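Here's the letter readout for the chains.
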Amino acid sequence: MNTSKNFSLGILLGIVGVVMFSSKAVMVKLAYNYEVDSVSLLLLRMLFSFPFYVIIAIIYSKEKREGTLHNKHYLWLIACGILGYYLASFFDFEGLQYIKAGLERIILFLYPTIVLILNKLFLKIPITKLQALAIFLTYLGVIFVFWEEVNLEGENVYLGSFLILLSALTYASYIAGSGWLIPKFGVMSFTAYVMIVSCICVFVHYLFTNTTSLFSFQWQVYVLGGAIALIATVIPSFLVSASIKLITSSNFSIVAGIGPISTIIMAYFFLKETLTAIQFLGSFVVIAGILLIKVRKK
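These notes cover the structure that comes with them. (Residues numbered from 1 in each chain as written. Predicted model: local features only at pLDDT ≥ 70, side-chain atom pairs only at ≥ 80, totals over all residues. Heavy atoms only, no water.)

Here's the deal with the environment of His205
Note the cut-off: Secondary structure follows DSSP: runs of H or I at least 4 residues long count as helices, runs of E at least 2 residues long count as strands, and numbering of each begins at the N terminus. Residues count as neighbours in contact if any of their non-hydrogen atoms are within 4.5 Å of one another.
Secondary-structure assignment places His205 in helix α9 (residues 187-209). For His205 and Leu43, which are 162 residues apart along the polypeptide, the C-alpha to C-alpha distance reads 9.0 Å. Residue contacts for His205: discarding those within four places in its chain leaves Val39, Tyr86, Phe90 and Asn210.

Let's talk about the layout of surface pockets
Defined as follows: Grid points spaced at 1 Å over the protein atoms alone were grouped into cavities, where a 1.4 Å probe fits but cannot get out, and pockets, open sets with protein on both sides within 12 Å along at least five of seven lines, with lining residues defined by an atom within 4 Å of a point. Grid points are joined across faces, edges and corners, and a volume is the space filled by probe spheres set on the points. Under the scheme applied here, ten amino acids are nonpolar (Ala, Val, Leu, Ile, Met, Phe, Trp, Tyr, Cys and Pro), four are charged (Asp, Glu, Lys and Arg), and all others, including Gly, are polar.
Roughly 210 Å³ of volume is contained in the second largest pocket. Of all the secondary structure elements, the ones that give two or more residues to the lining of the second largest pocket are α3 (71-95), α5 (111-122) and α7 (156-178). Looking at the lining of the second largest pocket element by element, the count peaks at 4 residues for α3. Residue classes in the lining of the second largest pocket are distributed as 9 nonpolar, 3 polar and no charged.

Overview of the pattern of salt bridges
Stated precisely, the cut-off is as follows: A side-chain nitrogen of Lys or Arg and a carboxyl oxygen of Asp or Glu constitute a salt bridge if their distance falls within 4 Å. For every residue, the accessible area obtained with a 1.4 Å probe (protein chains only) is divided by the maximum for its type, and the residue is called buried under 20%, exposed over 50%, and partly exposed between those limits.
One pass over the structure, following the stated rule, counts 4 salt bridges. In this structure, the salt-bridge partner of Lys24 is Glu104, at a minimum N-O distance of 3.0 Å. One end of the pair, Lys24, is in helix α1 (residues 2-31); the other, Glu104, is in helix α4 (residues 101-108), with 80 residues separating them in the sequence. No difference in accessibility class separates Lys24 from Glu104, as the two residues are buried. Bridged by salt links that share partners, the residues Lys24, Asp92, Glu104 and Arg105 form one connected network.

Section: empty space enclosed by the protein
A complete count under the given rule lists 1 cavity of 30 Å³ or more for this structure. There is about 40 Å³ of room inside the largest cavity. A per-class count over the lining of the largest cavity returns 3 nonpolar, 2 polar and 2 charged.

Observations concerning a nonpolar patch on the surface
Selection criterion: The patches described consist of residues with a relative accessible area above 30% and no salt bridge, like charges being joined within 9 Å and nonpolar side chains (Val, Leu, Ile, Met, Phe, Trp, Tyr) within 5 Å. Shrake-Rupley sampling with a 1.4 Å probe provides the accessible areas, and residues are treated as covered by the protein chains on show and by no other component.
A surface patch of nonpolar side chains, amounting to about 730 Å² of accessible area, comprises Ile261, Ile265, Tyr268, Phe269, Phe270, Phe280 and Phe284. Put simply, the parts of the chain that give the nonpolar patch at least two residues each are α11 (259-271) and α12 (277-297). If you tally residues by element for the nonpolar patch, the top one is α11, at 5 residues. On the secondary structure map, Phe280 appears in helix α12. According to the relative accessible area criterion, Phe280 is partly exposed, its value standing at 36%.

Quick look at the nonpolar core
Here is a general trend for soluble globular proteins: nonpolar side chains tend to be buried in one another's company. Heads up, the condition is: Buried residues of nine kinds, namely Ala, Val, Leu, Ile, Met, Phe, Trp, Tyr and Cys, make up a nonpolar core once their side-chain atoms join them within 4.5 Å.
Judged by nonpolar contacts, the single largest core of 51 residues is most densely connected at Val28, Tyr32, Val36, Leu41, Tyr53, Phe93 and Phe190. Put simply, the parts of the chain that give this core at least two residues each are α1, α2 (38-59), α3, α7, α9, α10 (219-255) and α11. Here this core takes 11 residues from α9, the largest share from any one element. Counting 21 residues, the second largest nonpolar core, distinct from the first, contains Leu103, Val145, Ile164 and Ala168.

Digging into α11
What counts here: By this rule the span expected of a helix is its residue count minus one, scaled by 1.5 Å.
Between the first and last C-alpha of α11 there are 17 Å, a value that for 13 residues agrees with the 18 Å anticipated at 1.5 Å per step. Buried residues of α11: Gly259, Pro260, Ser262, Thr263, Ile264, Met266, Ala267 and Leu271, and no others.

Concerning the packing of aromatic side chains
The line we're drawing: The rule is short: rings of Phe, Tyr and Trp, with Trp giving its six-membered ring, pair when the centres are within 6.5 Å, and they are stacked under 30 degrees, edge-to-face over 60, tilted in between.
One pass over the structure, following the stated rule, counts 14 aromatic pairs. With 5.6 Å between their ring centres and 80° between their planes, Tyr74 and Phe185 make a pair best called edge-to-face. Residue Tyr74 is found in helix α3, and its partner Phe185 is found in helix α8 (residues 182-185); the two are separated by 111 residues along the sequence. Looking at Tyr74, the relative accessible area reads 42%, which means it is partly exposed. In textbook terms, an aromatic cluster arises when at least three aromatic residues are bridged by ring pairs, as seen for Tyr74, Tyr85, Tyr111, Tyr171, Tyr174, Phe185, Phe190 and Tyr193.

Right, here's the structure in full:
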């Protein structure tokens, strides 16, 4: 009975965590209504998140690790921080200036297929026929959604979609390259260290590129910046970790399939975004393709 309750609790935590993560795109789009640039908004997200991850790094500094850490491990960790949460977040925030939140989530959801392709190219891990079919389905679905959006919104969709695709590519590179590092540092410590690196990168980026005062925005920008940090970053990261611990990463990867759906629903209610019938069809084809990969892994 306890096992059943723990599994149900893990599913519930996973769903809440995924929905909270998915709210990020909606809140970013809302913030853009108050004349804030992408770098400043990203800075606010990292400023509000930074203290939490420093505390996590301190608390889990004695977390169980495998083997001895060397300089190369720290260099790879820095690379993961730059790729996984700095560049991926920067491209994501930039791209959301040009496309709908729903389309953004669909494109980002491609990252598991990109991981498969990167593993094939650089690690020589073969792609099975079923995985190849799943990859074909996901990209076919994205083409449906994307092409219809171009007809509706114009050429800005090209730039926005390209930036979001770069976000998916950099995040997939982080996923593909970080697997061997996580046991070296421990799950919580690795996540905290990577986030601290990405925060520092954003701080430096802002200092060198932005001429706008951080204190010149409307109050709604600061509220949304804090919400993106807490509701869409820090809190769901704990919920997802707890969910994975209770139901395993394989089961959680299937739960994560609700991500694009929840973004589309929230975008409809908060942003008045709508999808055409063809775009809904494309969205479900993408989700089906990704779930096919993840169920096969399970």
